[in-house]
Amino acid sequence: MLSDPRAGPGSLIIGLCPAMFARALKSLFSRPSTAAASFSAAFALYQEGRLEEALAHCDRIKDASNADVDYLRGLITERQGDLKAAVRHFRAASTVRPEEASFQYSLGQAELGLGLISSGRLALDRFLAVAPEDDARRVPALVAWARTLSPTDPARESLLDRASIQAEADPTAALQLADASYADDDIVRARRSLGWVRGDAQSAASVRRAMMLPAIYQSRQHIIETRETLARDLAELMSAPLVPVAMPEHAIGVLPFYLAYHNASNADLMRHVGQVMRKATGWHASPVQRKPQGRIRAGFV
């Protein structure tokens, strides 16, 4: 599959997969060769982010019934921020080939982005019905659907449980579920999801897991327990082997900001946070060169 160049590590934005691209070219090659050339050029321009030029090449393809061209138009207009146009193109593509998982997934996500909850759920339901069980998009689809439901709706928990089952066996899905859960302040599920990550991403996931703190606290005891958990996690990370993380701003991406809400001294915890982050990134600071009888000036933004 091809990932969108806008996406950072841990993100997954699906475009045309190689099999779909090959099928699109095959269908167009049965027509005038200029159509296939225009589609190939449009797709390359889309990947490069040259969106107006990509649309212009799509417009040169006269076959209005070609679902792949409609889908590519949808991807382009979605990236341009025109969700209404994207939904129109995705609907046209999915009407021609309703069994195409990518069409249904993109349609559902775009419709939810426009607030079209009922039709968005239907498209995601169709996606889940036709997508392979190991499709990495199943987790974000389940999470997106769950987010349209009330926190007290039992169906929401059922959808998230289905996402958890897949995330437990798929590191990419686990990271996606963790991100979505953290955004919803579901720290328990977010931390549990990161605990399933194995392989090269495990070190970053372990640090990220430790840094995830709730934004809202139910009691003073809740704050105390959160601080104890953080201290324990930091101690374990300091004694564990960690593979240096090349891009911590993406792979870790979280710091314990919500310590500021605890009404307590954070000096010891923040010192340990700094030690863990230096270990996780392989960064070694040079000693500060203090001028005789001078001051160190520090600025904060």
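In what follows, the structure referred to is the one given above.
In this text the structure is predicted, and so the values were computed from the model without any measurement.

Student: Give a detailed account of the environment of Ile-165, specifying residues and quantitative values.
Tutor: When you line up the elements, Ile-165 lands in helix 9 (residues 154-167). Taking C-alpha positions, Ile-165 is 10.0 Å from Ser-193, a pair spaced 28 residues apart along the chain.

Student: Lay out the packing of helix 10 (residues 171-183) against helix 11 (residues 187-194) with the relevant residues and their values.
Tutor: Packing of helix 10 against helix 11 leaves a shortest axis separation of 8 Å and a crossing angle of 165°. Between helix 10 and helix 11, the angle is such that the two are roughly antiparallel. The interaxial crossing formed by helix 10 with helix 11 has left-handed handedness. Packed against helix 10, whose contacting residues are Ala-174, Leu-175, Leu-177, Ala-178, Ser-181 and Tyr-182, the element helix 11 presents Ile-187, Arg-189, Ala-190, Ser-193 and Leu-194 at the interface. Looking at the contact of helix 10 with helix 11 residue by residue, the class counts come to eight nonpolar, two polar and one charged.

Student: Which residues make up the environment of Cys-58, and what values go with them?
Tutor: Structurally, Cys-58 is set in helix 3 (residues 51-59). In this structure Cys-58 comes out as buried when scored by relative accessible area, which is 0%. Those residues in contact with Cys-58 that sit more than four places away from it in its chain are Ala-42, Val-69, Leu-72, Arg-73 and Ile-76.

Student: Just give me the short version of the pattern of salt bridges, but keep the residues and values in it.
Tutor: Counting across every chain of the model gives 17 salt bridges. In this structure, Arg-97 and Glu-100 form a salt bridge, with 3.0 Å as the shortest nitrogen-oxygen distance. Of the two residues, Arg-97 and Glu-100, neither departs from the other in class, the shared state being buried. For the salt bridge of Arg-189 with Asp-161, the shortest nitrogen-to-oxygen distance reads 3.7 Å. Of this pair, Arg-189 sits in helix 11 while Asp-161 sits in helix 9, and the two are 28 residues apart along the sequence.

Student: Can you lay out the packing of aromatic side chains for me, pointing to particular residues and giving the numbers?
Tutor: Within this structure, the stated rule accounts for seven aromatic pairs. Grouping aromatic residues by their ring pairs yields a cluster made of Tyr-71, Phe-90 and Phe-103. For Arg-79, the ring lying beneath its charged end belongs to Tyr-46, and the centroid distance is 4.1 Å. Positioned over the ring face of Tyr-105 is Arg-137, at 5.6 Å from the centre of the ring.

Quick notes on the rules
Residues numbered from 1 in each chain as written. Predicted model: local features only at pLDDT ≥ 70, side-chain atom pairs only at ≥ 80, totals over all residues. Heavy atoms only, no water. Helix = DSSP H or I, 4+ residues; strand = E, 2+ residues; numbered from the N terminus. Axes fitted to C-alpha atoms, helices over the stretch in contact; angles between N-to-C directions. Parallel < 35°, antiparallel > 145°, perpendicular 65-115°, else oblique. Left-handed = near helix turned anticlockwise from the far one by under 90°. Contact = heavy atoms within 4.5 Å. Nonpolar A, V, L, I, M, F, W, Y, C, P; charged D, E, K, R; others polar. Buried < 20%, exposed > 50% of the residue type's maximum accessible area, 1.4 Å probe, protein only. Salt bridge = Lys/Arg side-chain N within 4 Å of Asp/Glu carboxyl O. Phe/Tyr/Trp six-rings, centres within 6.5 Å; stacked < 30°, edge-to-face > 60°. Lys NZ or Arg CZ within 6 Å of the ring centre and 35° of its normal.

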